[in-house]
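Per-entry structural report
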Amino acid sequence: MVPVRIFNGDKSVTIVAFLDEGSSYSLVDSSLARKLQCNGTTQPLRISWTAGVSRLEKDSQRLRLTIAACGSNEKFILRDVYTVNNLKLPAQSMSFADVAGKYRHLEGLPVADYAPSPPMLLIGLKHIEIFAPLESRIGQPGEPIAVRSKLGWSIYGPQGSITGEGFLGQHSCAGLSNEELHDLLKSQYALEEKGISVEMLPESEEDRRARDILEERTVRVGEGFMTGLLFKEENPTFPDSLPMALRRMKSLEKKLSTNPQLEAAVKQQIVQYLEKGYCHKATKEELNSAEPEKCWYLPLNVVVNPKKNKVRLVWDAAAEVNGVSLNSKLMKGPDYLTSLPSVIVKCREHLVGFGGDIREMFHQLKIRPEDRQAQMFVYQNEIYVMDCAIFGASCSPSMALYVKDKNARDFADQFPEAYEAIVHKHYVDDYFDSTDTVEKAVQRASEVRFVHSKGGFEIKSWVSNSPIFLERMGETENKEAIHIDSANPERVLGIVWDTRDDVFTFTTKMRDSLLPYLYDEQVPTKRVVLSCVMSLFDPLGLLAPFTSYAKALIQILWRMGCEWDQVIEGEALENWKLWTGHLADVEAVQIPRYYFGDGRKRKGIRMCRLFSHPGWWYPSVCAGTGEIKGRSDQTSADPRMELMAAVLGCRLADTIKENHSLTVTQVFYWTDSRTVQSWIVSDQRKYKSFVAFRIGEIISRS
């Protein structure tokens, strides 16, 4: 341990640093980074200790710090220092007079004292040149030693007997290796396969601050809303970003000059933005009165969707200057997103299905004037200011969804069904719903449209399996195929609602760069395989046997130790050919959108079977899931795997019940494992923890 000073610009703080030769990287507590107002590039990090203990820091940032020994003017640069939430090193203190009085070989050294406090910075082998030994004092065996480095003198080693206290007791290493990337992928699949519903985590300090900002600064302005950006700090400051924005603009202009049609489309959109009030041209008075350190210039970018022939303007809020970007100053905000599976299943409950989407949702939300100077951009040698929430800002989704729900709450008493539909049946800007009759559908859709209009939102592009509904809602164009996840229409496997036949189908269209690997027998690398498999989009698990096979393919690749850009071969290549050979079959799959047929012969409903006439039931597929067994679990008779399958079934059943508004009166659980059946009806307390805990969960859920 050694006391040091950390600097960031004109800010500095004195802390205790932990010099750790057992750590691969250097880590800093995120609270210290916030105190110094340090911001860097976000880079996920997995921290691993001995005994297989590890934790994932999803929001870790890579920083550049300046450090100096206490009492010294010589400063050193620490590059690639990663932030972690709660470094959690043990608090230690140093009274050198007491130590030197006990160990005579340490007398006379200029060792600084420090009060009891946990180290906020861990300096590892990445920066060993900073704390490499320059001089040492060594006493008798079992006594602490003193070592001088560029950061001054530090004392470490045991005190007294080996059972006593010591000056050093931590070992840590960090970094994402190829193996750990595999583990992250495995964790992602584990999250998908579990279900299913998860417990709500406690609200973080950052989310609480963001929620407070939304509640305090969101106000109704006419038939719309205004709010503030979710800044991490109350008064954020920025470096000069205008040169960076000008360079990016020149690059865009060069690109547009080669495509006159695209150039005209961009110019037309800028004009429309001005007409709609989304942005304005900055005046001389506005620029002269703006504080330079409060201004941020966003590089303008253009995204083209060739399948839709649609041009979208996007502002690059992740663009950096000296490690600072607009997004690095913003909080993401609380997650107000309704899960897509929950929205889809509610659209399947009743005979008439319908939906629509909100036009330019983010841009309907005005940003308060004092925050707009952080949303400036350059176009054709003119400076413009975005007056609304933008595509690209990390906080825009949270702000827009908060306003959507807040506006609905204001009309909850007057239009309770519209309130429920807006809060629980919208996925971002997409709305899907169902009712028993066309009249109810038209009434609910009309109320939803009215409530949205009072918040400045316009819901349009109505879709339905009922032509009468479309006519009553004034929709002239009947879309026969609707991508359920319209935000990502270019997935390898996308769920589509065929409104003509009222069924869910799947499309296997994909980007052109992948076609040679799928249809021209070009052998893919692991990176290409992963790109295809991770693009599978089956939120309800309706194609679980097919998607599970793809996950098993990835499992083979990481078992083989295949590198990311290595061409696959052997067993993996054979499985790839088998999987891609069935892609065409996927498009023939049809799942009825409505659970209960045409409903005309309905006599009674059980979730999810329809009693049509004596002795006959009409079954419907609600959802599915699956879990890939590990290499050591390939024996199908493994009772533990059969037990896990039973647990998975119970979790899925709970999720289905939670996501539907239909009343569930009976649930039947099936397993072909006699061992599991015996375990369930026996006393779980006599079994070991693995079996006992899972039997307990099955009993509690069923």
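Residues numbered from 1 in each chain as written. Predicted model: local features only at pLDDT ≥ 70, side-chain atom pairs only at ≥ 80, totals over all residues. Heavy atoms only, no water.

**What to know about the sheet that holds strand β26 (residues 430-435)**
Threshold: Here, strands pair whenever DSSP counts at least two bridges between them. Helix and strand definitions follow DSSP, with helices as H or I runs of at least four residues and strands as E runs of at least two, each counted in order from the N terminus. Residue contacts are counted whenever heavy atoms from the two residues lie within 4.5 Å of one another. Helix axes use the C-alpha atoms of the stretch in contact, all axes being lines fitted to C-alpha atoms, and the angles between their N-to-C directions lie in the range 0 to 180 degrees.
Read across the sheet, four strands follow the order β25-β26-β21-β27 without closing on themselves; strand pairing throughout is antiparallel. Across the chains shown, the open sheet's two edge strands, defined by having one partner strand only, are β25 (426-427) and β27 (459-464). One ladder, built from four bridges, connects strand β21 (residues 352-358) with β27; its direction is antiparallel. Following the sheet pairing, Gly-355 is matched in β27 by Val-463. Of the strands in this sheet, β21, β25, β26 and β27 are in contact with helix α14 (residues 438-453), which crosses β26 at around 150 degrees.

**Structural notes on the environment of Gln-555**
Note the threshold: Buried means the residue's accessible area, taken with a 1.4 Å probe over protein chains only, is under 20% of the maximum for its type, while exposed means over 50%, and partly exposed covers the values in between.
Relative to the helices and strands, Gln-555 is located in helix α18 (residues 544-560). Gln-555 sits in the buried class, given a relative accessible area of 14%. Distance from Gln-555 to Ala-572, taken between C-alpha atoms, is 9.4 Å for residues 17 residues apart in sequence.

**Focus: the packing of helix α13 (residues 416-424) against α14**
The cut-off we apply is this: What sets the label is the angle itself: under 35 degrees gives roughly parallel, over 145 gives roughly antiparallel, 65 to 115 gives roughly perpendicular, and the rest give oblique. In this classification, Asp, Glu, Lys and Arg are treated as charged, Ala, Val, Leu, Ile, Met, Phe, Trp, Tyr, Cys and Pro as nonpolar, and every other residue, Gly included, as polar.
It is at 9 Å that the axes of α13 and α14 come closest, and there the two elements cross at 75 degrees. As judged from the angle between their axes, α13 and α14 are roughly perpendicular. Contacts between α13 and α14 pair Glu-417, Ala-418, Ala-421 and Ile-422 from the former with Arg-444, Glu-447, Val-448, Val-451 and His-452 from the latter. Taken together, the residues that form the contact of α13 with α14 break down as five nonpolar, one polar and three charged.

**Brief notes about the packing of helix α12 (residues 396-410) against α13**
At a minimum axis separation of 9 Å, α12 and α13 run at an interaxial angle of 170 degrees. Relative to α13, α12 is oriented roughly antiparallel. Residues Lys-404, Asp-405, Ala-408 and Arg-409 of α12 touch α13, and the partners they reach there are Tyr-419, Ile-422 and Val-423. Here the residues of the contact of α12 with α13 sort into four nonpolar, no polar and three charged.

**Topic: the sheet that holds strand β12 (residues 135-137)**
Strands pair in a sheet through their backbones, by hydrogen bonds, and they do so in one of two ways: parallel or antiparallel. Ordered by their spatial adjacency, three strands build an open sheet running β12-β13-β14, and the pairing between neighbours is antiparallel. Two strands in the sheet have a free side with no partner beyond their single neighbour: β12 and β14 (152-156). Pairwise comparison of adjacent strand axes, ignoring direction, gives a mean angle of 20 degrees for this sheet. Relative to β14, strand β13 (residues 145-149) runs antiparallel, the two sharing five bridges. The partner of Ile-145 across the bridge, within β14, is Tyr-156.

**Points about the nonpolar core**
We count it as follows: Within this scheme, the nonpolar core is defined by two criteria: the residues are buried Ala, Val, Leu, Ile, Met, Phe, Trp, Tyr or Cys, and they are joined through side-chain atoms within 4.5 Å.
In terms of nonpolar packing, the biggest core is built from 56 residues, with Trp-296, Trp-315, Leu-326 and Met-399 touching the most fellow members. Residues Phe-506, Met-510, Val-586 and Tyr-594 belong to the second largest nonpolar core, which totals 51 residues.

**Notes on unusual backbone geometry**
With a phi angle near 55 degrees, Asn-322 is a residue other than glycine that sits in the positive phi range. Along the chain, Asn-322 falls in the loop between β20 (310-315) and α9 (326-329). Although it is not a glycine, Ser-461 adopts a positive phi angle of roughly 50 degrees. Of note, Ser-461 is situated in strand β27.

**Focus: the packing of aromatic side chains**
Where we set the bar: In this analysis, rings of Phe, Tyr and Trp, with Trp reduced to its six-membered ring, are considered paired at centre separations within 6.5 Å, and the interplanar angle assigns stacked below 30 degrees, edge-to-face beyond 60, and tilted for intermediate values. Each ring is checked for a lysine NZ or an arginine CZ that lies within 6 Å of its centre and within 35 degrees of its normal; such an atom marks a charge sitting over the ring.
Within this structure, the stated rule accounts for 21 aromatic pairs. Here Phe-354 and Phe-469 contribute two aromatic rings whose centre-to-centre distance is 5.0 Å and whose plane-to-plane angle is 35 degrees, an arrangement assigned as tilted. Here the residue Phe-354 occupies a position in strand β21, and Phe-469 occupies one in helix α15 (residues 467-472), the gap between them amounting to 115 residues. In this structure Phe-469 comes out as buried when scored by relative accessible area, which is 0%. Ring centres 5.7 Å apart and planes at 45 degrees place the aromatic pair Trp-576 and Trp-579 in the tilted group. Residue Trp-576 and its partner Trp-579 are located together in helix α19 (residues 570-581), separated by three residues, close to a single helical turn. Accessibility expressed as a relative area gives 1% for Trp-579, which makes it buried. Aromatic ring contacts, followed pair by pair, group Tyr-273, Tyr-278, Trp-315, Phe-377, Tyr-379 and Tyr-384 into a single cluster. The ring of Phe-391 carries Arg-312 above its face, with NZ or CZ at 4.4 Å from the centroid. Between the NZ or CZ atom of Arg-694 and the centre of the ring of Phe-690, over which it lies, the distance is 3.9 Å.

**Description of helix α5 (residues 205-217)**
The α-helix winds at 3.6 residues per turn, so residues separated by three or four positions along the chain end up facing the same way. The condition that has to hold: Expected span of a helix, by definition, is 1.5 Å for each gap between consecutive residues, and there is one gap fewer than residues. The directions considered for the arc run from the helix axis to the C-beta atoms.
If you check α5, its first and last C-alpha atoms are 18 Å apart, about what 13 residues at 1.5 Å a residue would give, namely 18 Å. Of all the positions in α5, only Ala-210, Ile-213, Leu-214 and Arg-217 are classed as buried. The buried residues of α5 occupy an angular sector of 95 degrees when the element is viewed end-on, so they sit on one face. Along α5, exposed side chains directed more than 90 degrees from the buried face belong to Glu-205 and Glu-216. Here the buried face of α5 lies against β16 (219-220), β17 (225-227) and α12.

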